[in-house]
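# Architecture and fold: a report
Each chain, written out:
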Amino acid sequence: MADYSSLPTDSVAVIGLGKIGLTLAAVFANNGFNVHGADINEDVVSSINQGISHIKNEPGLEKLVSEAHNSKTLSATKRTAEAVQQSNIIIVIVPVLIDDDNRIDYRFIDQAVLDIAKGLKKGSLIIFETTLAPGDTRNRFGTKIEEVSGLKMGEDFHLAYSPERVYSNRIIRDLQSYPKIVGGLDERSLTLAKQFYTKSLGCELIDVSTLETAEFSKVAECVYRDVNIALANELAMFADEKNVDINEVITVSNSQPYSHIHHPGIGVGGHCIPIYPYFFINKGLTSGLTPLARTINDQMADYSLAKMEEELGTFQDKNILILGLSYRENVKEPTKSTALMLIDKLKRAKANILVHDPQFTTSEIERYAVLPLQLSDSVIEEIDAIIIQAFHKEYENLDFAAFTNCKLVLDGRNKVKEEEIKKLNMTYIGIGNGRGDSNEGRNNAADSNG
Ligand SMILES: NC(=O)c1ccc[n+]([C@@H]2O[C@H](COP(=O)([O-])OP(=O)(O)OC[C@H]3O[C@@H](n4cnc5c(N)ncnc54)[C@H](O)[C@@H]3O)[C@@H](O)[C@H]2O)c1
């Protein structure tokens, strides 16, 4: 039986105190661990050291940070090597992104790994949680840490990978309810990582045979969702041609257990689904469904705008309101939001672009060189068309009648009732709601049913 006593598990360094890292740090700090957080952002460090969460819209997080601060189990520093030196377990949750050419951008994590290597003590366990391309934990980071620290992985330090699978807005709940997948460099690394998560999170654990399996599994989840959404989008566009409503189709198709068609939409955003497929594409999966799905999903904004343009004639000088800057409903997250793609395309078409998003301040919206709009502004009477990009809860009871000059609503998330919009003498366009070149087929079918 393995002896774990040589590795006291009471001191944890969490490297990267963003939305996920801070939540992990706060949960660990309230579950019996001393947490030394590290982040390069001075403001983040200083607010955590005052017991204040800089992440505001994550249920339960502010309370956990304040409680950990009061019990002196959570502190933060800009000096990563120091945090690592004081800890036996190091959690890495610094983002890996893609650049403008869709190449993997390791800038932040490479720096973090260098700093970790400088502070690493013999006997420590390093767990990477950031989504990574298969092989990176061992080949890119493990070897770099060996090179800089002079310590040998598997002998002097332990190495594991456990993907973070949580969803914004319910991270604390997901940390407890989703099974945690864990892969280790060797048996001992795996055992120690599992021991840590059992104590710190108390969730179900699924161990896999290699580091690479664990890394692969997270990217595969994202690719699955991207491909599935692309399929839904492809079917939606075909449904438009055939004057069939895709929402009705999906509902009935998914009524048996082998069909799980996702929802079509105006675009896929955020820092998971539009990014992680490139971790496979960049490592050799250059043809087939994975890259094709990326292309299909990224074309949905164009597809939707073309449908609008058919109705409006031109975008030039039209006042177009985008509802939702965030990539999805009820979160504050502009990364890869389809709103940014729409803004770019509408600017080139010389439209006047107004944006409303209750999650962002006026000045935050202004950074995108668009006009922020309040729903109480009288300017809403001058709006020519509305695009629903992210269906925040504030839009559930939106009074479209107040947009007295509006001729068209593009429902990019298929959330609004078509009849409600049509009653106001506005054109309704959903994604795959059967608005092909002609609506006749559907009208006739409806008539014959009636
Ligand atoms: N946000 C999500 O919904 C989500 C879901 C699942 C998985 N993930 C994974 O979690 C990772 C982190 O996501 P997040 O939402 O917390 O990101 P985030 O952007 O909110 O936070 C990242 C933090 O890392 C810090 N940082 C950057 N470089 C650093 C360095 N060299 N050393 C120390 N700190 C550094 C930044 O200052 C920032 O505070 C993602 O890249 C992804 O792999 C995120």
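All residue numbers refer to positions counted from 1 along the written sequence of the respective chain. pLDDT decides what is reported in this predicted model: residues at 70 or higher carry local features, side-chain atom pairs at 80 or more are listed and counted, and totals for whole chains, interfaces and linings draw on all residues regardless. Heavy atoms from the whole structure form the basis of all side-chain values; hydrogens and water molecules are not counted.

If you look the protein up in an unreviewed UniProt entry, it shows as NDP-sugar dehydrogenase from Oceanobacillus indicireducens. UniProt positions are given in the numbering used here, feature names are shortened, and annotations may be inferred rather than shown by experiment. The UniProt entry for the protein carries the following text under Sequence similarities (unreviewed entry): "Belongs to the UDP-glucose/GDP-mannose dehydrogenase family."

## Quick look at the site of the ligand
Residue proximity to a molecule or strand is established when one non-hydrogen atom of the residue lies within 4 Å of it. The full set close to the ligand counts 26 residues, and Lys-19, Ile-20, Asp-39, Thr-131 and His-271 are the nearest of them. Polar contact is the term for a pair of N or O atoms within 3.5 Å; when the atoms are in protein, one must be able to donate a hydrogen and the other to accept it, and sequence-neighboring residues count only if both atoms are side-chain atoms. In this structure, an oxygen atom belonging to the ligand sits 2.6 Å away from a side-chain N or O atom of Asp-39. In this structure, an oxygen atom belonging to the ligand sits 3.4 Å away from a side-chain N or O atom of Ser-168. Compared with its free state, where it exposes 840 Å², the ligand has 88% of that area covered by protein. Within the residue set of the shell around the ligand, elements represented by two or more residues are helix H1 (19-29) and helix H5 (107-119). Residues are grouped as follows: Ala, Val, Leu, Ile, Met, Phe, Trp, Tyr, Cys and Pro are nonpolar; Asp, Glu, Lys and Arg are charged; all remaining types, including Gly, are polar. Considered class by class, the residues forming the shell around the ligand number 13 nonpolar, 9 polar and 4 charged. Where each domain starts and ends follows an automatic or database-derived domain assignment. Mapping the shell around the ligand onto the domain boundaries places at least three of its residues in each of domain 1 (11-210) and domain 2 (218-295). Only the protein chains shown count as cover for residues, and the accessible areas themselves come from Shrake-Rupley with a 1.4 Å probe. The way it works is that DSSP assigns letters per residue, a run of H or I at least four long becomes a helix, a run of E at least two long becomes a strand, and they are numbered from the N terminus.

## Concerning the pattern of salt bridges
Definition used for salt bridges: Asp or Glu carboxyl oxygen within 4 Å of a side-chain nitrogen of Lys or Arg. Scanning the model with the defined rule gives 26 salt bridges in all. For Asp-302, the salt bridge is made with Lys-345, and the minimal N-O distance between the two is 3.3 Å. In this pair, Asp-302 is assigned in helix H13 (residues 300-312) and Lys-345 in helix H14 (residues 338-348), connecting sequence segments 43 residues apart. Among the ionic pairs, Asp-384 bridges to Lys-407, the shortest N-O distance being 2.8 Å. Taken together, the residues Asp-384 in the loop between strand E13 (371-372) and strand E14 (385-388) and Lys-407 in the loop between E14 and strand E15 (408-411) connect sequence positions 23 residues apart. Burial classes follow relative accessibility: with a 1.4 Å probe on protein chains only, a residue under 20% of its type's maximum area counts as buried, one over 50% as exposed, and anything between as partly exposed. The exposure class of Lys-407 is partly exposed, given its relative accessible area of 37%. Salt bridges sharing partners connect three or more residues here, namely Asp-99, Asp-101 and Arg-103.

## Concerning unusual backbone geometry
A positive phi angle, near 60 degrees, is found at Lys-72, a position not held by glycine. Note on placement: Lys-72 falls in the loop between helix H3 (61-70) and strand E3 (74-77). Here Asn-169, not a glycine, exhibits a phi torsion of approximately 85 degrees, which is positive. With respect to the element layout, Asn-169 can be found in the loop between strand E8 (158-161) and helix H7 (171-177).

## Overview of the sheet that holds E3
A pair of strands is labelled paired if DSSP reports no fewer than 2 bridges between them. Pairing is mixed across the open sheet formed by 8 strands, whose spatial order is E3-E2-E1-E4-E7-E8-E9-E10. At either end of the open sheet lies a strand with only one pairing partner, and these are E3 and strand E10 (205-208). With strand direction ignored, the average angle separating the axes of adjacent strands in the sheet is 25 degrees. Pairing of strand E1 (residues 11-15) with strand E2 (residues 34-38), which is carried by 5 bridges, proceeds in the parallel orientation. Fitted lines through C-alpha atoms give the axes, limited to the stretch in contact for helices. The angle between two N-to-C directions lies from 0 to 180 degrees.

## Regarding the pairing of strand E9 (residues 180-184)
For E9, the buried fraction is high: 5 of the 5 residues fall into the buried class. The alternating pattern of E9 places Lys-180, Val-182 and Gly-184 and Ile-181 and Gly-183 on opposite faces, both of which are buried. The pairing of E8 with E9 spans 2 bridges and is classified as antiparallel. The residue bridging Tyr-161 from the neighbouring strand is Gly-183, located in E9.

## Let's talk about the sheet that holds E15
Across the sheet, 6 strands lie side by side as E13-E12-E11-E14-E15-E16; this open sheet has parallel pairing. Bordering the open sheet on either side are E13 and strand E16 (427-430), each of which pairs with just one other strand. With 5 bridges joining them, strand E11 (residues 319-323) and strand E12 (residues 352-356) adopt parallel strand pairing. In the strand pairing of E12, Leu-323 is matched with His-356. Sheet strands in contact with H13 are E11, E14, E15 and E16, and its direction is about 170 degrees off that of E15. Contacting E11, E12 and E14, H14 crosses the sheet at an angle of about 175 degrees to E11. Should any heavy atoms of two residues lie within 4.5 Å, those residues are counted as being in contact.

## Overview of the packing of aromatic side chains
By convention, a stacked pair of Phe, Tyr or Trp rings (six-membered ring in the case of Trp) has centres within 6.5 Å and planes under 30 degrees apart, an edge-to-face pair has planes over 60 apart, and any other such pair is tilted. In this structure the tally under the stated criterion is 8 aromatic pairs. Considering the side-chain rings of Phe-33 and Phe-196, the 5.2 Å spacing of their centres and the 75 degrees angle between planes classify their relative orientation as edge-to-face. With a gap of 163 residues between them, Phe-33 in the loop between H1 and E2 and Phe-196 in helix H8 (residues 187-200) connect regions that are remote in the sequence. Here Phe-33 falls in the buried class, since its relative accessible area comes to 1%. For Phe-196, a relative accessible area of 0% corresponds to the buried category. Judged by centre distance (4.6 Å) and plane angle (45 degrees), the ring pair of Phe-216 and Phe-280 falls under tilted. A residue pair is termed long-range when its members are at least 10 positions apart, and Phe-216 in helix H9 (residues 211-241) and Phe-280 in helix H11 (residues 277-281) qualify at 64 residues. If you follow Arg-107 out to its NZ or CZ, it ends over the ring of Phe-108, 5.9 Å from the centre. A ring has a charge above it when a Lys NZ or an Arg CZ is no more than 6 Å from the ring centre and no more than 35 degrees off the ring normal.

## So, the environment of Val-182
Take Val-182: it is sitting in strand E9. Assessed through its relative accessible area of 0%, Val-182 is described here as buried. Residues Val-182 and Arg-170 lie 12 residues apart in sequence; the distance between their C-alpha atoms is 21 Å. Once you skip the residues sitting within four places of it in the chain, Val-182 turns out to touch Tyr-161, Ser-162, Leu-190, Ala-193, Lys-194, Tyr-197, Leu-205, Ile-206, Asp-207, Val-208 and Ala-214.

## With respect to the domain arrangement of the protein
Partitioning the protein into domains gives domain 1 (11-210), domain 2 (218-295) and domain 3 (299-431). The C-alpha-based centres of domain 2 and domain 3 are spaced at 23 Å. On the side of domain 3, 20 residues touch domain 2, which itself brings 17 residues to the contact. Using a 1.4 Å probe, buried area is obtained as the accessible area two parts lose upon being combined, added over both of them. Both faces combined, the contact of domain 2 with domain 3 buries some 1500 Å², and carbon together with sulfur accounts for 59% of it. Looking only at domain 2, the three residues that lose the most surface to domain 3 are Met-237, Asp-240 and Ile-266, adding up to 40% of its buried area. At the junction of domain 2 with domain 3, the criterion picks out 0 salt bridges. Taken together, the links from domain 2 to domain 3 amount to 7 residue pairs in polar contact (both at pLDDT 80 or more). Examining the composition of the side of domain 2 that touches domain 3, we find that 4 residues originate from one element, H9, more than from any other.

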